[in-house]
Amino acid sequence: MRLPTPRILSCLAGILLLAACSQSVVPAASVAALDHGARPVASIQELMQLIVDPSADAIWESVSSDTSAEGTVDRQPRSDADWQVIRHHALLLAEGANLLQLESRPVAHHGRTLEDAHVDGVLSPDQVQQKVAADPRAFHAHAQTLQAAAEQTLAAVDRRSIDGLLEAGYRLDRACEGCHLVYWYPGDKRPPAAVSSAPSP
Ligand code: HEC
């Protein structure tokens, strides 16, 4: 690794100084400009497939039991490494919830159909997009509920609490359902994929 040049160091010092007095020095307008510069690349569908769904599954499966011909294996985090994995997934979910709130994000890229598009009561990407655009704050509120459940998971990890993980997992499931029932399959005709992605009771 190359050592930082004096110029970079003095820039860093400047940034630190700015950060130290940021509350009084950085005008609100430049904070807004930062937000403005954020540009979504992934669709909501891709965030679901790549971040939200796998992380939630990892959290739900962290306390579960598998029954097979050989018997039942109970799974729960035991080592620090096990807890760390759950923590990472909870962080991904918590930050994924922020990504869901970037207003110009498309529901799906052009030409993509949503999972279970063939099932009655499932909206098309255009219909979902219209619903989100009609009241973005309502959509954001659902994302914030998801974030709160992810933070509850983080708190359970910090306490090394299995019961806490189960409670947070339940709340997480409610957060997914709460949003999907409005934006994905409002007819409450649950598509099979949604049923299978929920944790076992
Ligand atoms: C803020 C709203 C919101 C929350 C919260 C939310 N979702 Fe979604 N999800 C959507 C929308 C809208 C769709 C339909 C569009 C799409 O497929 O992305 C969707 C679709 C999906 C899909 C189908 C993706 C595909 O291939 O079309 C999966 C899987 C999914 N969500 C999983 C989850 C899980 C698991 C959670 C909770 C941990 C969750 N979602 C929480 C809004 C949300």
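Remember, predicted model here, so these are calculated numbers, not experimental data. (Residues numbered from 1 in each chain as written. Predicted model: local features only at pLDDT ≥ 70, side-chain atom pairs only at ≥ 80, totals over all residues.)

Trainee: Is there a simple way to think about the overall build of the protein chain in this case?
Mentor: Check the secondary structure of the protein chain and you find 9 helices and 2 strands. Along the protein chain, from the amino end to the carboxyl end, the secondary structure elements read α-α-α-α-β-β-α-α-α-α-α. Taking all 201 residues of the protein chain together, the buried fraction comes to 20%. Sequence separation of at least 24 residues holds for 70% of the intrachain contacts in the protein chain that already meet a minimum separation of 6. (Helix = DSSP H or I, 4+ residues; strand = E, 2+ residues; numbered from the N terminus. Buried ≥ 20, exposed ≤ 12 C-beta atoms within 10 Å, placed from the backbone. Contact = placed C-beta atoms within 7 Å.)

Trainee: Can you help me understand the pairing of strand β2 (residues 71–75) in this one?
Mentor: The side chains of a regular strand alternate, first on one face of the sheet and then on the other. Among the 5 residues that make up β2, 0 are buried, leaving the element largely open to the surroundings. Alignment of strand β1 (residues 64–68) against β2, held across 5 bridges, turns out to be antiparallel. Within β2, the position partnered with Asp66 by the bridge is Val73. (Pairing = 2+ DSSP bridges.)

Trainee: Any chance you could explain helix α8 (residues 162–183) here in plain terms?
Mentor: Structurally, the α-helix is built with 3.6 residues per turn, so residues lying three or four positions apart point the same way. Counted at 1.5 Å a residue, the expected span for α8 with its 22 residues is 32 Å, and the 32 Å between its end C-alpha atoms agrees. Where α8 is concerned, the buried positions are Leu165, Ala168, Gly169, Leu172, Ala175 and Cys176. Taken end-on, α8 shows its buried residues confined to a sector of 120°, consistent with a single buried face. Residues of α8 that are exposed and point more than 90 degrees away from the buried face comprise Asp163 and Arg174. Where the residues of α8 are buried, they touch α4 (44–62) and α7 (136–158). (Expected span 1.5 Å × (residues − 1). Arc of directions from axis to C-beta.)

Trainee: Help me understand the site of the ligand, please; the structure alone is not making it clear to me.
Mentor: Taken together, 24 residues lie around the ligand, and Gln45, Ala56, Glu115, Cys176 and Cys179 are the ones closest in. Here the shell around the ligand gets 7 residues from one element, more than from any other, and that element is α4. Counted by class, the shell around the ligand contains 17 nonpolar, 5 polar and 2 charged residues. (Near = placed C-beta within 6 Å. Nonpolar A, V, L, I, M, F, W, Y, C, P; charged D, E, K, R; others polar.)

Trainee: Looking at this structure, I do not really get the nonpolar core. What am I missing?
Mentor: Inside soluble globular proteins, nonpolar side chains tend to come together where they are buried. Grouped together as the largest cluster of nonpolar side chains are 31 residues, with contacts concentrated most on Ala56, Leu93, Leu146 and Leu172. Within the residue set of this core, elements represented by two or more residues are α4, α5 (80–99), α6 (125–134), α7 and α8. The biggest single contributor to this core is α7, with 7 residues. With near-sequence residues (within four places) excluded, Leu172 lies in contact with Ala56, Ile59, Ala149 and Thr153. (Core = buried A, V, L, I, M, F, W, Y, C linked by C-beta atoms within 7 Å.)

Trainee: So what exactly am I meant to see when it comes to the environment of Glu151 here?
Mentor: Here Glu151 lies in helix α7. Along the sequence, Glu151 and Leu91 sit 60 residues apart, while their C-alpha atoms lie 7.9 Å from each other.

Trainee: Would you take a moment to explain the pairing of β1 for this structure?
Mentor: In terms of burial, β1 is a largely surface element, 0 of the 5 residues being buried. Counting the residues in the hairpin turn of β1 and β2 gives 2 residues.

Trainee: Can you walk me through the confidence of the model for the protein chain in this structure?
Mentor: Detailed reading of the predicted model is not advised wherever pLDDT is low. Taken over all residues, the pLDDT of the protein chain has a mean of 84, while the share at 70 or more is 75%. For residues 8–34, every residue scores under 50 in pLDDT, and the model assigns this stretch 3 contacts once sequence neighbours within four places are set aside. Counting interchain partners and residues more than four positions distant, the pLDDT-below-50 stretch residues 195–201 has 7 contacts. (pLDDT = per-residue confidence, 0-100.)

Trainee: Is there a simple way to explain unusual backbone geometry in this structure?
Mentor: The phi torsion of most residues other than glycine is negative, and most of the peptide bonds are trans. Unlike most non-glycine residues, Asp116 shows phi in positive territory, near 65°. Take Asp116: it is sitting in the loop between α5 and α6. The exposure class assigned to Asp116 is partly exposed, which follows from the 17 C-beta atoms found within 10 Å. For Arg160, which is not glycine, the phi torsion reads 50° and is therefore positive. Given 12 C-beta atoms within a 10 Å radius, Arg160 is considered exposed.

Trainee: How do you make sense of the packing of α4 against α8 when you look at a structure like this?
Mentor: Following both chains from N to C, one finds α4 and α8 inclined at 145°, their axes separated by 9 Å at the closest point. When the axes of α4 and α8 are compared, the crossing they make is left-handed. Where α4 approaches α8, its residues Ala56, Ile59, Trp60 and Ser62 are matched on the opposing element by Leu165, Gly169, Leu172 and Cys176. In terms of residue class, the contact of α4 with α8 is made up of 6 nonpolar, 2 polar and no charged. (Axes fitted to C-alpha atoms, helices over the stretch in contact; angles between N-to-C directions. Left-handed = near helix turned anticlockwise from the far one by under 90°.)

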